[in-house]
Structures are given as C-alpha cells and as structure tokens.
Amino acid sequence: MSSSPVRTFTIDRNDGRPVLPGNLHNNRLLSQWLDFSRPGLVRVFTGKVELGQGILTALSIIAADELDVALDQIGMVSASTLEGPDEGMTSSSISVQDSGSAIRHACAEVRYLALQRASQAHQLDIHSLSVHEGRITSAEGQALGDYWHWLQGLDLAREYTGLSRPKPYSDLKLHGHGKVLRVDLPDKVMGRARFIHDLRLPGMRHGRVLRAPAAEAQLVHADHPVPADLLDLWSASRVHCVVDGRFIGLVADSNLAADSALGELRDAVQWTMPDLLPDRHQLADFLRNAPSEVTYPIQQGELLTATDGVSLSRDYLKPYLAHASIGLSCALALWDGTTLQVWTHSQGIQNLRDDLTKALGLPKASIVMRHVEGSGCYGHNGADDVAFDAALLAMAVPGDPVRVVWSRADELSQAPLGSAHLVSLRARLNDEGHITHWHHELWANGYSSRPGRAVLPTLLGASQRASGQPIPLAINPPLAAGGGSDRNAVPGYNIEHTHVVNHRLTVMPIRTSAMRALGAYANVFAIESFMDELAHASGQDPVEFRRRHMTDPRSLAVLNAVVERSTWWHLPREEGVGHGVAWARYKNTSAWCAVLAQVQAGETLRVLQLDVAVDVGRVVDLDGVINQTEGGALQGMSWTLKEAVHFDRQHITTQSWADYPTLRFSEVPALTIHVLDQPDQPSLGAGESVQAPVAAALGNALFDALGVRVRQLPLSQDHILQALNESA
C-alpha cells in the first residue's frame, strides 16, 4: 500500500509563510486560479465542485465583478488534478469564503498587473484607467487594449503579493442582485448531457460489484466464492469476473449483461452474517453505553450535577440517516497500464486520489482525477466508493473504460450514513427565570470518514479486498473547523455556567461519515427544543425567552427579522394549528438563521408555512442564497418528518424508497426566505445553516399544536402517537 500524507480539516496559516486570503494560502500562484491564453475568455479555476448548490455561479460573479468582465467572458473550470488549485473538500459551507476570497484577490492582482502595463506603456496614471468587459480605457475615452493584449508574455506562475486590494462593495455590479443566471442550470433544464451518468467513452464497458450484505459478512466459500461453471459461462460472453477477498466485481459489454451476471452472482455466492448490530429499538441505550472517548468542547463555570438543583432534564434522539440521492453513485475509470484516469462526482477529488494511491499502490502522479457533476449528496455518500470500484475493475481490463453504477439498495445500505446521535440536556433557572447553568452531553459516532484524512483508505471496496483493512473509525473535525458530533453543541446563548461533554463512540457497527450540517442537526434540534421546554416550564414566551439570553446583535437581528416580517406569526391560531420558533448560528462562527414554523396536527404532521431569515454576510448571488436556504429547509423537513434508516441485528434493512420515504412535492409548504444582506461583512456559506433550526421549529410547533413533546426523530406518526400515549 502506497503512503500519502494525511489531510487536515483546516489550513495551517502558521507555516512560516506570509498569510494569504482563503485558499490562496496553499495555492499561492496566480496561474493556479486564472488563465488569459484564450482571447476574450477568462478561465477561472476552482478546486470546489458543483453539487447543485450553485457554487460555480457564485464564483463566476466574484471573478466577473473583480475583473470588470461580462459573465459570459468567464469560463469556470471545475476541479481536476491536471490544472487549478488543490482546495480539498467541497463541504462545510465554506466555498464562497475560502475559494471565493482566493479568486477575488487573485483577480484583483491580475487586474492591477494589466492596468500597470497599460499605464506604463501610455505614461498615464494607473488610477485614471477603467475597464469594461476586459477592455481598458483612459479617462479621455481612449481605447488602450484589453487584458489579453497586456497579459501576453506575462507569466502568471508567480505568487500573489497583494499589489491591489479587492474593490469595495459599492463598485461591484453583480453582487447581491439576484439577476444572474445559473451557470449549470441550462443544460439540466434542457436535458443536455452534464451529469456523470451521461458520460460515454469509446469502447466503454459496464461494471457491477456484489456487495457483502453486511460490514462483517463473510464468504461461506472464501477460496472459491464463484462457481467454476458460472465463470466458464461468463467467459464465453466476455464477462470478466474480479475476485479479491470479499470484493467481487464484474465487467460486461452492456448494462443488460452486467445486471444479468450480477443477478446470477447474487444467487450463487453465499454469506454468513453475525449479530453485531445494535437493537434499533434500544438505540439510545446502545449509544449511551457503547465504548467511547470523551472530550469537553467547553467547560465554563460551575458544573451542574444531576442532583444539584436541576430545573429541567431531557433527552433527544436522532436516528441514522441516509443520503438518499435520487441519482445513483456512478464513476468511470480507464487504465492504460501506466496512468489511471477517473471521472467522479466526489466532493473531494484530491482527497480521493490520496486514498486511491494508498489502496492501489500507484504513484500519485499516475492518477488523474476529473470531477463531473452528479446528483447532489451534501455529504459523504457512495461517490468515492464507486470511484474505487471503477478503478479496480478498470485495472483488471487494461485499455477498456469501465463505468460502474450502484443500485438503489447499495445506495441506501452500503454508503456511509449520518450517525445516530443522543443528546442529554440539563439546566437550572434562577428565580427570575434566567438560565444560570447548562449541561449538554452527547453520544455519537464521528462525523467524518472521508478519504484522505486517515492513514488507511476509507473506501468500502478497499476494505473488502484480501489485503484490505477495516475502514477506520469515523473521526470528528476539530472545533476550529466547526466540529463534528459536537458541532453547535455549545449553545449560542449567554449562560454563565456552561459545560459540554462529547462521547465519540470507539465502535462503529454501522458505517458513519459526513452528512450535511454534521452534528449541528441533532444538537440544535435538542438545544432549541429544550429552550422551548424551559420557556414553557417557567411561563415565558419562547421568543422573549430566547431574546433574554442573547447578547450577539446579529443573532438578535435574525430572530427579530423573521418574527417581524412574518405575515402569519401574530395571527390568531386555529385549533390543531401550532407555531414554533428556533434559531442557530451555524458552527457558532458562520451564518445566522432563524425559523418560524406553522403546522397542522392531524393523523400526520402537515407543515403549512415556513419563514426563514438568514444572515450570510455579504451576499454574492441573492438567488443562490434563497435557493440554498429553500433547499436546506426542505431537506431539514424531510429528515425531521420522515427519514430514518432501519436495520436488524445483522444488516441494514433499508433497501428501497419504500423503506426510506422522503418529502414529496405535495408536502412542500409555503416558504418565505428573508435575506439580511451585510455588504461590509465577509461572505459566509448558506447551504447548511437552516436544516437544524427547521427541525427544532417543527418540533416546537408540534408541541404548540398538540401539547405533547416528541423528542425522538423523526416526528413520525408512530412517535407522535407514542408521545400522546405517554402523556395520557
């Protein structure tokens, strides 16, 4: 196994070099970001990838505004290991702030270099020159050429030096106006080939992998798992079978032949499965009692013990969640005996290449990764695993491109899941109804086992090879990078005595990794539900109760904005209709978000209205912020109302949409987004701030409608009935 350095979650800016903005710090050459070799076109490179979140559009706006060129003069070049910066993962809602700030500063410097050359050639004051659509003009209106003329012969393979500061917000024409067309949407709307599933290579063959039905499942006939007569039959029809430990794959000339052979393989191969999974109906007990390592994200003031004047104590439980992407995980690979090329919708092609290097024993330079858009996953789904499948199968048939697509069953049961998560909260109120002590304790697996961040590869197929080793335990990003299971576990309130205890499980019977918002979803659901319970227990209005504990002006502003701008919050309530409120600042360092929910409680919980206020700092693409907030709100609704992975003691039983219902179009509520633009503040990510406040607002609205509190997600009919029965 080849070695490769382990990637960290944060940029080391104390490495002895001058500190540069965003991801410029680790990608210091202007040529890593910009190319002017094609007249009339500015190629802008990014290591971030389009996942449906509109990042290519936002970065286009930043570059166009800083360079004074038209949007159609910008050609965004998505992540590739052949050119452009290494920006690691596209995750954690930091692409605009890290990649965007790097592009903004690189563009400012290259603009200055071009103007400097033009001003020196014409002996004019550089500050008297202007640029429009890349053409430079003097104060008298004299045409002085364009970028492509003045940058000819200038080697951009030079470090950024800060020659010119980026423009003030008042000089930006495209930022925040919401009139910019999405770069990626025309192809998608018109059904043109854009997704990895549409990619076809000459001579392409089709791969399938027979997955072990459980992580610890073992082959009954390990030496010869595939019957010889079946191998002979396939040989005659050009079906190639790859057997390497518990990894059993096929390569065929057509999808039909590949699916047919996989069916035959499934019938022929036998497995044994031990009873190693927890009891799903005793999930909280499993989490609380499993071996774990303990960390303390915050220890401030006195510790509140269970017997020391506790005013309220509650537990909240989140189940395992699946990504459930509509588009199945897919990858293509081609091995020519020297170079391995991989086409993937991974969120981190550089990280994935690191793990392919380790798992396949190839030099890093011999692996070429190209990102191609896939179905948005917003977390660590099967994209990296299927890329390994395609690579290993392609190496078995040199010269033939191999395309692998996972099945729906594999997608739901084999990809990493969002961890189950238990939160136990205790608080003490003083005589004035103010929180004086807060204790937050949580139990969960780590929230990251992405490629590139462990000594061993974290790829499913690699772990199943004869030489493979078990997938490392999921880890947590440090709090400096937003945290993992402890993300948002520190409450965003002014509480004198605050203690948070994080139990990261050191066993992983079910594979877990990153899912959008990481631990913030469970922690904010618990915190904001508990705040509601404390307010009601002390006879206080839930909104006023929150305000009493806030000192950050932007937190207050986002909460006040959603309440003041809502057209329905203050109206009289009908019977069976409930209102709920929740808020959070994502990661305690990123975007602010407040949510109001209106629900109707009948046989099931129906969401009527959602109002959302967000503060993402300087808005780059207003339409993009609204889209991301709407999408995140609906994702949070789906998780909260419907989603949970089921399993027995042997394996995950969630195998199809029938087993894993998600939100339907008919269930989408009236949704209003209020964006609080802050032009003078840094831009923050929009995609992950809303899911968790939506969950808590829905739980609080359910309580308002029915008078019962559901503390176990999802807020399904079964859990609502259970809560009603327990309160009777």
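Per chain, residue numbering runs from 1 following the sequence as it is written. It should be noted that, the model being predicted, local features are given only for residues of pLDDT at least 70 and side-chain atom pairs only at 80 or more, the latter also being counted only at that level, while totals for whole chains, interfaces and linings use all residues. Side-chain numbers come from the whole structure's heavy atoms, not from hydrogens or water.

Engineer: Can you help me understand the environment of alanine 444 in this one?
Structural biologist: Each helix corresponds to a stretch of at least 4 residues labelled H or I by DSSP, and each strand to a stretch of at least 2 residues labelled E; elements are numbered beginning at the N terminus. Here alanine 444 shows up in strand E19 (residues 435–444). Sequence-wise, alanine 444 and serine 292 are 152 residues apart; in three dimensions their C-alpha atoms are separated by 8.8 Å.

Engineer: Explanation requested: unusual backbone geometry in the structure shown.
Structural biologist: Negative phi is the rule for most residues except glycine; trans is the rule for most peptide bonds. Residue proline 714 follows leucine 713 across a cis peptide bond; omega there is -5°. Mapped onto the elements of the fold, proline 714 is located in the loop between helix H16 (691–706) and helix H17 (717–727). Of note in this structure, glutamate 133 is not a glycine but carries a positive phi near 50°. Looking at where glutamate 133 falls in the secondary structure, it is placed in the loop between strand E4 (130–132) and strand E5 (135–137). Note on glutamate 133: relative accessible area 31%, which makes it partly exposed. Residues other than glycine seldom take positive phi values, yet lysine 587 does so here, at roughly 65°. Position of lysine 587 among the secondary structure elements: in the loop between strand E21 (577–585) and strand E22 (592–601). Only protein chains enter the accessibility calculation, which uses a 1.4 Å probe; a residue is then buried when its area is under 20% of its type maximum, exposed when over 50%, and partly exposed in between.

Engineer: Please clarify how the pattern of salt bridges should be interpreted in this entry.
Structural biologist: Pairing of side chains with opposite charge becomes possible as their charged atoms draw close. The salt bridge definition used is simple: a Lys or Arg side-chain nitrogen within 4 Å of an Asp or Glu carboxyl oxygen. Considering all chains together, one arrives at 37 salt bridges under this definition. For arginine 547, the salt bridge goes to glutamate 544, with nearest N and O atoms at 2.5 Å. Taken together, the residues span about one helical turn, with arginine 547 and glutamate 544 both in helix H13 (residues 542–548) at a distance of three residues. Given a relative accessible area of 40%, glutamate 544 falls into the partly exposed group. Residues joined in a network through salt bridges with shared partners are Arg182, Asp184, Asp187, Lys188, Arg192, Arg194 and Glu373.

Engineer: Any chance you could explain the pairing of strand E14 (residues 330–335) here in plain terms?
Structural biologist: Sheet faces and side chains relate simply in a regular strand, where the side chains alternate between the two faces. Burial of E14 is extensive: six of the six residues sit out of reach of the surface. By the alternation rule, side chains of E14 split into Cys330, Leu332 and Leu334 and Ala331, Ala333 and Trp335, which are all buried. Following DSSP output, two strands are said to pair if at least two bridges run between them. As paired elements, E14 and strand E17 (residues 402–405) share four bridges and run antiparallel to each other. From the neighbouring strand, cysteine 330 faces E17, where its bridge partner is valine 405. Examined bridge by bridge, E14 and strand E15 (residues 340–344) share five bridges and lie antiparallel to one another. Looking at the pairing, alanine 331 lines up with threonine 344 of E15. Where E14 folds back on E15, the antiparallel hairpin that results is connected by four residues, among which glycine 337 adopts a positive phi of roughly 95°.

Engineer: Help me understand the sheet that holds E14, please; the structure alone is not making it clear to me.
Structural biologist: Pairing between the strands of a sheet comes from backbone hydrogen bonds, and it takes one of two forms, parallel or antiparallel. Spatially, E9-E10-E7-E17-E14-E15-E16 is the arrangement adopted by the seven strands of the open sheet, whose pairing is mixed. Edge positions in the open sheet fall to strand E9 (240–244) and strand E16 (367–371), since each of these has one partner strand only. Taken over all neighbouring pairs, the strand axes of this sheet differ in orientation by 20° on average, direction set aside. In the sheet, E9 pairs with strand E10 (residues 247–252) via five bridges, with the strands oriented antiparallel. For valine 243, the partnering residue across the bridge sits in E10 and is isoleucine 248. Sheet contacts for helix H6 (residues 255–268): strand E7 (205–210), E10 and E17; angle to E7, the most-contacted strand, approximately 20°. Docked against the sheet, helix H8 (residues 349–360) engages E15 and E16, running at close to 145° with respect to E16. Structural elements are reduced to axes, namely lines fitted to C-alpha atoms, with helices fitted over the stretch in contact, and the angle between N-to-C directions of any two is expressed from 0 to 180 degrees. Whether two residues are in contact is decided by their heavy atoms, any of which lying within 4.5 Å being enough.

Engineer: Would you take a moment to explain the sheet that holds E21 for this structure?
Structural biologist: As summarised here, the arrangement of the four strands in space is E21-E22-E23-E24, forming an open sheet in which the pairing is mixed. Two strands in the sheet have a free side with no partner beyond their single neighbour: E21 and strand E24 (670–675). Pairs of neighbouring strands in the sheet enclose a mean axial angle of 15°, with direction left out of account. Looking at chain direction, strand E23 (residues 605–615) and E24 are connected through six bridges and run parallel. Residue pairing in the sheet places valine 612 in a bridge with isoleucine 673 of E24.

Engineer: Quick question: what am I supposed to make of the packing of aromatic side chains here?
Structural biologist: Given two aromatic rings, one states the distance between the centres and the angle between the planes to describe the pair. Ring pairs are drawn from Phe, Tyr and Trp, using the six-membered ring of Trp, whenever the two centres fall within 6.5 Å, and their geometry is named by plane angle: stacked under 30 degrees, edge-to-face over 60, tilted for the rest. All told, the structure shown has 10 aromatic pairs when counted by the stated rule. Ring centres 5.8 Å apart and planes at 65° place the aromatic pair phenylalanine 36 and tyrosine 147 in the edge-to-face group. One end of the pair, phenylalanine 36, is in the loop between strand E1 (34–35) and strand E2 (42–45); the other, tyrosine 147, is in helix H3 (residues 147–150), and 111 residues separate them in sequence. The class of phenylalanine 36 is buried, set by a relative accessible area of 8%. Judged by centre distance (4.9 Å) and plane angle (70°), the rings of tyrosine 521 and tryptophan 639 are edge-to-face. A residue pair is termed long-range when its members are at least 10 positions apart, and tyrosine 521 in helix H12 (residues 520–537) and tryptophan 639 in helix H15 (residues 622–641) qualify at 118 residues. Neither residue differs from the other here; tyrosine 521 and tryptophan 639 are each classed as buried. Grouping aromatic residues by their ring pairs yields a cluster made of Phe36, Tyr147 and Trp148. Lying across the ring of tryptophan 443, arginine 288 places its NZ or CZ 4.8 Å from the centre. We count a charge as sitting over a ring when the NZ of a lysine or the CZ of an arginine lies within 6 Å of the ring centre and within 35 degrees of the ring normal.

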